[in-house]
Each structure stands twice: as structure tokens, then as C-alpha cells.
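# Notes for the structure review
Each chain is listed here by its residues.
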Amino acid sequence: MIEWAVITENLPEYGAGLWLTLQLTVLSLVAGLLLAIPLAVLRSSGPSVVSRLVWAYSYFFRGTPMLVQLLLIYYGLGQFEWVQARWAEGNAFWLIFREPYGCALVTFTLNTCAYTTEILAGALRATPHGEIEAAQACGMSRLTMILRILVPGALRRAIPAYSNEAIFMLHGTAIASTITLVDLTGAARNAYSQHFAPFEAFIFAGVVYMCVTFALVGLFRLAERRWLGHLQPRKAGSVKA
């Protein structure tokens, strides 16, 4: 028998947890994408040394669990005396790493940036050579070609792969509850601890995650139709004889 009271009595906390989850997801995706664009350009066509440095960064964050990264930033930085000294001085930048919200946001941003960098770098390498030749024939400089041809085209081609990254990031924010943040998963954990009803507490959180995931899928499908519609195969009978 399902105990609906477990859900109804904790709806305010679930709502607050969902809001925190959406904040972390959206902010980390936006910041990660903005950082990934220049890194992807350097990764695909930058100097060899710089490209290798970007590769090393993305390899580390893609090769280690995000939970480990979060624990290293939240618990690990505080053991260094020079970090503690910056906290004592009231340094605005380092104070970000004193709060769980800041640590979670930085971790999620760096993680999604690493994945997005590789997605965009692959899309940049897939740029048709004819577009590059046309830009050069028009007398475009390297920077102008990157800004007007390469990056816009790569962003469009990367939409399908990036949609998966956005969904993974949404699900990945569930680990924020391990550092005292009461996100959606944290709200479900609190409901479970109060009522000792794990099925009701966590199944409701799972349903909410699934609804948000479906919403993201719908948004990315609209984006694909808007910017990749010309690549879709024509429907039978759409071409007049």
C-alpha cells in the first residue's frame, strides 16, 4: 500500500530541492558551454602544447567519477593552509570553495565543460572543408572564420550529442546531496529518514527527474528542427513531380 502522506507532507521540500537541482543544472551547463567553446577551438586547431593541455584537462575530468571530483574540491581544498589563509582574508574568489553550493557549482561546471569541449572539438573537426575554402576565398581572417563559420556550424552539429550531456548533467547533480545540499535527491532522502518509506520517497523523486528529462528532450528536439531541419531526409511525396 502506497503511503501518499510521505509525498504530500514533503511537497514543499521536494519543490525547493527541484529548484536547487534546476539551478545547478542550468548554471553549470551555461558556464560549462561558455568555457568549452574557446577550449574546443584550442583543442582542435590550437598550438600542439596548448592542445595537449586542454586534452589533459578533459581527460582528467572525463576519466574520474564526478563524485570524487566533488569530494576533492569540497573536502580536499580546506586542508591546505594557504587556502585557509585566503578564507581568513575574506578573498571573494576562494570563499566560493567554503560553501557547498559554490563547490558543487564549480565541480559540475568543470565536469560538463570537459565533456562539452570534446563534443565541440569533434564537431569542429567535422566542418566540411568546402566551408573553410569558401571563407578563405572571401578573404576572412582566421578569427573571423572561427567566429562566423566554424563555431556556429559546430554548435549546430553538436546539438544531438550535447542533449545527452545536458541530461547526464541533470542526473549527475543528484550527488550534491552528499555535501549537505538539499537538492531533489536530498529532499527524497530526508523524506525517507522521516517516514522510513524508501519506495515512496525515492520513486517520487525519480518521477520528477523523468519529467524534467522529458522536458529537456523536447526542448532539444525543437532545437534540432530549428537548426538541423535542413539535414533531415525529405518525406515521401514532398517533392513535386
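To keep things clear, this report deals only with the structure shown in the data block.

How each quantity is defined
Residues numbered from 1 in each chain as written. Predicted model: local features only at pLDDT ≥ 70, side-chain atom pairs only at ≥ 80, totals over all residues. Heavy atoms only, no water. Axes fitted to C-alpha atoms, helices over the stretch in contact; angles between N-to-C directions. Helix = DSSP H or I, 4+ residues; strand = E, 2+ residues; numbered from the N terminus. Left-handed = near helix turned anticlockwise from the far one by under 90°. Contact = heavy atoms within 4.5 Å. Nonpolar A, V, L, I, M, F, W, Y, C, P; charged D, E, K, R; others polar. Parallel < 35°, antiparallel > 145°, perpendicular 65-115°, else oblique. Core = buried A, V, L, I, M, F, W, Y, C linked by side-chain atoms within 4.5 Å. Buried < 20%, exposed > 50% of the residue type's maximum accessible area, 1.4 Å probe, protein only.

Here the focus is the packing of helix H8 (residues 129-137) against helix H9 (residues 142-157). Where H8 meets H9, the closest approach of the two axes is 11 Å, and the angle between their N-to-C directions is 145 degrees. Every pair of crossing elements has a handedness; the one defined by H8 and H9 is right-handed. Counted together, Glu131, Ile132, Ala135 and Gln136 of H8 and Met145, Ile149 and Leu150 of H9 form the full contact between these two elements. A per-class count over the contact of H8 with H9 returns 5 nonpolar, 1 polar and 1 charged.

Viewed as axis vectors pointing N to C, helix H11 (residues 184-195) and helix H12 (residues 198-227) meet at an angle of 165 degrees, and their least axial separation amounts to 8 Å. As far as their axial angle goes, H12 and H11 are roughly antiparallel. Viewed along their axes, H11 and H12 form a crossing whose handedness is right-handed. When H11 is examined against H12, the residues Leu184, Thr185, Ala188, Arg189, Ala191 and Tyr192 are found in contact with a partner set consisting of Pro198, Ala201, Phe202, Ala205, Val208 and Tyr209. In the contact of H11 with H12, the residues fall into 10 nonpolar, 1 polar and 1 charged.

The subject of this paragraph is the nonpolar core. Counting residues in hydrophobic clusters, the biggest one holds 33 residues, and the most contacted among them are Tyr14, Leu24, Ala104, Phe108, Leu181, Leu184 and Phe220. Only helix H2 (11-45), helix H4 (66-76), helix H7 (100-125), helix H10 (159-172), H11 and H12 provide two or more residues apiece to this core. Per-element accounting of this core gives the leading share, 8 residues, to H12. Residues in contact with Phe220, not counting those within four places in the same chain, are Ile159, Tyr162, Ser163 and Ala166. Counting residues in hydrophobic clusters, the runner-up holds 19 residues, among them Cys113, Ala114, Ile132 and Ala158.

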